[in-house]
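Each chain, letter by letter, is given below.
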Amino acid sequence: MPLAFLIPVFSFAACPLIILFQRWLPLRGAPLAILAIGGGFVVWALTTVSFLGAAPENPACAVSGITGALTCHFSTSWFEAGLPGVAATVDQAIHLDWGIIIDPLTVVLLGLITFVALGVQLYSLEYMKGDPRFGWYFAWQALFVAAMLTLALADNFLLLYIAWELVGLCSYLLIGFWFENPGPREAAKKAFVVTRIGDVGLLVGILLLWVNVGSFSMTDAFAAAASGELGSGVTTAAAILLLLGAMGKSAQFPFHVWLPDAMEGPTPVSALIHAATMVIAGVYLVARAYPIFAASPEAMMIVAIVGLITALGAATIALVSTDLKRILAYSTVSHLGLMMLSLGAFGWTAAVFHLMAHGFAKALLFLGAGSVMHGVGAHGDVDIRRVGGLRRAMPVTAVVFSIGALSLGGIPILSGFWSKDEILIAVEHNLPVIFIVLTMLTAFLSALYMARAMFVVFFGAEGEDSHHAHESPLLMTGVMSVLAVLAVGFGWIAFNWPGAFGGIGGFVFYDHAEKFHFNYVLGALSIILAVGAFVLAWLVYVRRSVSHEPWRVRFAGVLRVVERRYYVDEAYQWSIDRVVLTVSAALAFFDRAVVNDVAVNGPADVVRKAGVALRLHVTGHVYTYALAVALGVIGLAIFWWLRSV
Amino acid sequence: MANFDQVSLLLLVLVPLAGAALAMFLPKDRPRDAWQFAIFVAAISFVLSVVVFLRYDYGAGGVQMVRSYDWIGQPVNITLHFGLNGIGAPLVLLNGIVLLGAVLISQTITRRTRDFFVLLLALGAGVFGVFVVRDLFFLFFFYELAVLPMYLLIGVWGSSTDFGTFLRTKEYGAMKLMLMLVAGSILIWVGILALYVASSQAGDPTFNIDKLAALQQDGAVSRLTQMWVFPFFALGFGVLAGLWPFHTWSPDGHVAAPTGVSMLHAGVLMKLGAFGIIQVGMILTPQGAEVWMPVLIGLGTVNVIYGAISALSQNDLKYVIGYSSVSHMGYVLMGIATLHPVGLAGAVLQMFSHGIMTALMFAMVGAIYERAHIRDSMILNGLIKRMGTTTFFFAIAGLASLGLPGLSGFIAEFMVFTGAFRTYLPLAVLGVIGAAITAVYILRLLARSFFGEGDPQWDHLTDASPVEKGVGAAFVLILIAVGVWPAPLLRVINTGVESALAVF
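Residues numbered from 1 in each chain as written. Chains lettered and ligands numbered in written order. Predicted model: local features only at pLDDT ≥ 70, side-chain atom pairs only at ≥ 80, totals over all residues.

Enquirer: Explain the overall build of chain B here, please?
Expert: A tally of regular secondary structure across chain B gives 18 helices and four strands. For 504 residues, the compact-globule estimate of 2.2 N^0.38 gives 23 Å, and the C-alpha radius of gyration of chain B, at 21 Å, lies within 12% of that figure. Overall, the C-alpha framework of chain B stretches about 75 × 55 × 45 Å when taken along its three principal axes. Counting across all 504 residues of chain B, residues that qualify as buried make up 65%. Pairs at least 24 residues apart make up 80% of the contacts formed inside chain B by residues separated by at least 6 positions. (Helix = DSSP H or I, 4+ residues; strand = E, 2+ residues; numbered from the N terminus. Rg over C-alpha atoms; globule rule 2.2 N^0.38 Å. Buried ≥ 20, exposed ≤ 12 C-beta atoms within 10 Å, placed from the backbone. Contact = placed C-beta atoms within 7 Å.)

Enquirer: What am I meant to see in the overall build of chain A here?
Expert: Secondary structure summary: chain A contains 24 helices and three strands in total. Dimensions of chain A along its principal axes, counting C-alpha atoms only, are 125 × 65 × 60 Å. Residue burial in chain A is summarised as follows: out of 645 residues, 55% are buried. When contacts within chain A are restricted to residue pairs at least 6 apart in sequence, those whose partners lie at least 24 apart make up 78%.

Enquirer: Any chance you could explain helix 10 (residues 259–284) of chain B here in plain terms?
Expert: Because the α-helix completes a turn every 3.6 residues, residues three or four places apart line up on one side. All names here are of chain B. Here helix 10 is 26 residues long and its end C-alpha atoms lie 36 Å apart, about the 38 Å a rise of 1.5 Å per residue gives. Bending of helix 10 peaks at approximately 40° at the position of His265. Of all the 26 residues making up helix 10, 26 are buried; the element is thus mostly covered by neighbouring parts of the structure. (Expected span 1.5 Å × (residues − 1). Bend = angle between axes of the 7 residues up to and from the residue.)

Enquirer: How should the pairing of strand 2 (residues 78–84) of chain B be read in this particular structure?
Expert: A regular strand places its side chains on the two faces of the sheet in alternate fashion. Residue and element names in this part refer to chain B. For strand 2, a buried count of five out of seven residues is recorded, marking the element as mostly surrounded by other parts of the structure. Both strand 1 (residues 64–72) and strand 2 contribute to a ladder of six bridges, which runs antiparallel. Note on strand 2: the bridge partner recorded for Arg67 is Phe82. Linking two consecutive strands that pair antiparallel, namely strand 1 and strand 2, is a turn of five residues; a positive phi of about 65° is found at Asn77 within it. (Pairing = 2+ DSSP bridges.)

Enquirer: What exactly am I supposed to notice about the packing of helix 14 (residues 324–344) of chain A against helix 18 (residues 433–458) of chain A here?
Expert: Each pair of packed helices can be described by the angle between their axes along with the distance between the axes. Residues and elements named next belong to chain A. Viewed as axis vectors pointing N to C, helix 14 and helix 18 meet at an angle of 160°, and their least axial separation amounts to 11 Å. The orientation of helix 14 relative to helix 18 falls into the category roughly antiparallel. Remark: the crossing between helix 14 and helix 18 carries left-handed chirality. Where helix 14 abuts helix 18, its residues Leu324, Ile327, Ser331, Ser334, Leu338 and Leu341 lie against Thr439, Thr442, Ser446, Tyr449, Met450, Ala453 and Val457. (Axes fitted to C-alpha atoms, helices over the stretch in contact; angles between N-to-C directions. Parallel < 35°, antiparallel > 145°, perpendicular 65-115°, else oblique. Left-handed = near helix turned anticlockwise from the far one by under 90°.)

Enquirer: Is there a simple way to explain the interface of chain A and chain B in this structure?
Expert: How big an interface is tends to be expressed through the accessible area that disappears when the partners come together. With 41 residues of chain A at the contact, the number on the chain B side is 39 residues. Of all the secondary structure elements, the ones that give two or more residues to the side of chain A that touches chain B are strand 2 (70–82), strand 3 (93–102), helix 5 (157–175), helix 6 (182–213) and helix 23 (568–615) of chain A. Of the residues belonging to the side of chain A that touches chain B, the class tally is 29 nonpolar, four polar and eight charged. (Nonpolar A, V, L, I, M, F, W, Y, C, P; charged D, E, K, R; others polar.)

Enquirer: Please clarify how unusual backbone geometry should be interpreted in this entry.
Expert: Most of the time, phi is negative for any residue but glycine, and the peptide bond is trans. The linkage connecting Phe253 of chain A with the following residue, Pro254 of chain A, adopts the cis geometry, with an omega of 0°. Mapped onto the secondary structure, Pro254 of chain A falls in the loop between helix 8 (232–249) and helix 9 (258–261). One non-glycine residue with positive phi stands out, namely Met65 of chain B, at about 55°. Mapping Met65 of chain B onto the fold places it in strand 1. One non-glycine residue, Arg112 of chain B, lies in the positive phi region at around 45°. Following the sequence through the fold, Arg112 of chain B ends up in the loop between helix 3 (88–105) and helix 4 (113–132).

Enquirer: Explanation requested: the sheet that holds strand 3 of chain A in the structure shown.
Expert: The strands making up a sheet associate through backbone hydrogen bonding, with each pair oriented either parallel or antiparallel. Residue and element names in this part refer to chain A. Spatially, the three strands line up as an open sheet ordered 1-2-3, and their pairing is antiparallel. Every interior strand has two partners, whereas the edge strands, strand 1 (61–63) and strand 3, have only one. Pairs of neighbouring strands in the sheet enclose a mean axial angle of 45°, with direction left out of account. For strand 2 and strand 3, the ladder comprises 10 bridges, and the chain directions are antiparallel. Pairing of Ser77 across the sheet is with Asp97, part of strand 3.

Enquirer: So what exactly am I meant to see when it comes to the environment of Ala397 of chain B here?
Expert: Residue and element names in this part refer to chain B. Here Ala397 is to be found in helix 14 (residues 388–401). Look at Ala397 and you get buried, because 27 C-beta atoms sit within 10 Å. Remark: the alpha-carbon pair of Ala397 and Met357, spanning 40 residues in sequence, is separated by 5.3 Å.

Enquirer: What is the right way to read the packing of helix 4 (residues 134–153) of chain A against helix 5 of chain A from this model?
Expert: Residues and elements named next belong to chain A. Close contact between helix 4 and helix 5 brings their axes to 8 Å; oriented N to C, the two are set at 155°. It follows from the interaxial angle that helix 4 and helix 5 lie roughly antiparallel. Between helix 4 and helix 5 lies a crossing whose hand is left-handed. Contacts between helix 4 and helix 5 involve Trp140, Leu143, Phe144, Ala147, Met148, Thr150 and Leu151 on the former and, on the latter, Leu159, Leu160, Ala163, Trp164, Leu166, Val167, Cys170, Leu173 and Leu174. Tallied by class, the residues present in the contact of helix 4 with helix 5 amount to 15 nonpolar, one polar and no charged.

Enquirer: Would you mind going over the confidence of the model for chain B with me for this structure?
Expert: Parts of the model with low pLDDT should not have their predicted coordinates read in detail. For chain B, mean pLDDT is 87; residues scoring 70 or higher make up 100% of the total. Among the prediction metrics, the complex's ipTM stands at 0.86, with pTM recorded as 0.88. (pLDDT = per-residue confidence, 0-100.)

Enquirer: Sorry, what's going on with helix 18 (residues 487–501) of chain B here?
Expert: For helix 18 of chain B, spanning 15 residues, the distance from its first C-alpha to its last is 20 Å, which sits close to the expected 21 Å at 1.5 Å a residue. Where helix 18 of chain B is concerned, the buried positions are Leu489, Leu490, Val492, Ile493, Asn494, Thr495, Gly496, Val497, Glu498 and Ala500 of chain B. In this structure, the buried residues of helix 18 of chain B make contact with strand 2 of chain A together with helix 3, helix 10, helix 13 (341–372) and helix 17 (466–484) of chain B.

Enquirer: How should I be thinking about the environment of Met387 of chain B in this particular structure?
Expert: Residue and element names in this part refer to chain B. Mapped onto the elements, Met387 comes out in the loop between helix 13 and helix 14. Taking C-alpha positions, Met387 is 25 Å from Ser313, a pair spaced 74 residues apart along the chain. For Met387, the contacting residues outside a window of four places in its chain are Ile368, Leu461, Asp463 and Ala464.

Enquirer: Can you help me understand the environment of Val479 of chain A in this one?
Expert: All names here are of chain A. Summarising the element assignment, Val479 is placed in helix 19 (residues 474–489). Sequence separation between Val479 and Glu165 is 314 residues; the distance between their C-alpha atoms is 29 Å. Non-local contacts of Val479, meaning those with residues more than four positions away in its chain, are made with Gly119, Leu122, Tyr123 and Leu367.

This is the structure:
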């Protein structure tokens, strides 16, 4: 188990090796990245086995008094700064460790990341074939995964922040991978800058905790928060600041704008970003720092509200988008909102469960979308109005995509149904009634837009772009098929299976183990909504017996607002163009015209002009000086005369 | 090696100085010989600086490798007194690295090459001198030795640029730089004389830093004196550190300076100012420092934000980096002004980190300017196509500049924030925001000039030469090494911080 640190290290090592030696390596070094993540997956499996088995006897492990979960720490000193020798004054120095934490949350997360990343990289072998920067692609992929794995393993806030920023960097590199085109270039910049704004909050939060706790260790911070030693004001402030960082990475309103644009990157990258890296970092942070959030009711309420607004708003946008990847992107935003909502509703297990279930399904859906693009030969956008009836040309893709859509839409017995159900229970139980009503609405919309995407693209009439479509190669369909199995069956780990395994709630839990329970009223409602949504979509888009045109006309105004995505992007653009750049230009002008030309050149000019003026007095003619002497003598004479009078 | 320690610091100054003197006798019309000779001298200096850094015993701390040479005895008392502390040691290393890099990159200087390297080596000797001398008279002497060659280096070998609405000639840049720095020197000299007078009133006239510090500890320098002397040091040295609002010499100086000079200018010269504030201002007039530090951290924060916002709307690559330096030196000033061990250590680490990072940026911009004869980021486009390696190195320097973890800048800035959080929380938050603004202008620059679809007019460009690639690769490795494993530098810096803060 101490060797768990190797999980990211393999991939970290692969990145520079590929960059340096890609010219000489087979397939430009791509197998190296795959081997690295495969090795990570194996180490993860071994770690999990040893964690489940012999952990309690391990001196590095203990059952945490706060989370109630078995937690193991391994660390080694990294650096010290300030006055480390002066032991009495803790605030005069900082001590940093390379430290990893292994607990159920980390274990399940590492499993998701390594598994999905492995699948995505195998898929990319086929998808990225022939790209001039094939080697670079796999180098950045390796770094991306390594950073994300480190983020999940970090046991102190600084290491987490480092990994956090590296994840941001890699998303920048991968979203902007085709930087020759303005779209990816702008999208990459947007992703980095928007998440960086959130990161200011995260860093300030981390420093605030350090000032009040005296250490960057998460364990210390959580203990201080849980015991109330931190004070309610600081706890709430720290929670909100950490949440800002989480909102940036997890694309929560109003920081969600970067994620839909991030589809400009290669589609497998989107699969990775949306399922296993990047966006789940924010949800993970809130889940990891839960002792701080749980100690502040105000912060919990904010988490829930942010989650709900994001979930509902994004779902409405997904419903009216016409680009397949954009629909999936807003769907991710919406589901991340649901996870946040669940965390805010004390549904910790439900949030982590949904994170996993959504991860598998969303990876599958994006890879499916990539397969569609590959099949119809599209680059960039896939307008769902121009493709259709692809089930004949691409049968495997059609089946697996439909499974993903049904799962995420919340159709019973598939994974998404069980995890969504847990969230509904938590929301219903712990939050005011308005929350459950709106969550139900979100669930309905979620099913509706998934159904729309699935029916329009694969069923119904053939579109103009789908004539030459062909099925994708075996490697791509194979990866998708494996993910499809998980999208169907992963959710069944929720149950109290006979034997030692007490369901996911018996392993991944906060404070106390939870048994699987099912609320029949909520369950029935959610089944009716989900199935109803799929039936409705089938009637509208396949049988075309119901038309939505009258609705589109009647609510044209609302529709326009939603289609323009509530003008959030415009608001950002306006504030950058009109506020930031104006201020910057004004300041730059001030620097040149006032600070330099007046304050610096001014005195210089005065000296020069004084020199010019005074120079006239130095004529070099004897009579001028004689005159001056004479005038001086006369003056003095008058002075004395006046004094003597 | 004990014998070596006796003369190591003297050698550190003497080697480049002797190199400069010898270079004068090289034939005038053989630029390549002059370049190779300068590399030879700079390489020896580099090796010396590495050895000196490694020989500094961080377990013992304090001032080491002390050696004193009497110059003028009683009653004036001026001695050439060498000694190295934990703050000087990493900066000596920095100067060794940047000097060698700057000499290597100056392969492209073809006009009056010999004279160029004479001045460049003299400048390097002056910088080494400031970092290792423990006598205010000679500190001032070396300080001037480092500053004065800049005038000629920019005025003779620089370039003039027409920005449409205004013109920046190399003469203007050189003159402004010179006058502002000399004005700063006058303030410093007044401060030094004030301390000298105070020491002679105490019966022991001296310029020796350690003796003056001891006198101060004994209460021989009144609080009132310290209160009015400290601003002289803070402003005088501050001008060289790019302290707002006395920073304008710096971006204009960069725009006019040739590449190698820009590297030294931003890489080490600006550090002299910050080093002076610590070594002279803080240690000799601590009571004054305590009173004035809130003002200094305020100005430092202005530096950070003001520099970053100004950089945002610059189009010339050198202006962007020049204003970015103003912004980053703001972190150094903030860290110093916290008077907190972590903040101060962060400031010193930031000096090292920024020195490498900014020298790398200027080296790469120089490579671009050499080929495209233009630095306007609105006109340059898609450089990655033809100059892949250059772009790669510039991007890494840019990422270090925006505080990306894993590179040296992050650790340093993080430590400055940590110290500032303990002492001046609101300003620390502004500092963090400044780092976010940095991300905006660096990424805009990268997206605009380096990535992009490319412009056929730049298809003739060639990638960096082997020498440029070598320098770039070495600097990138240092950025990564310090970012991943800062302990070797920090344990030396920690001892320096301990002795600097012991006077408070």
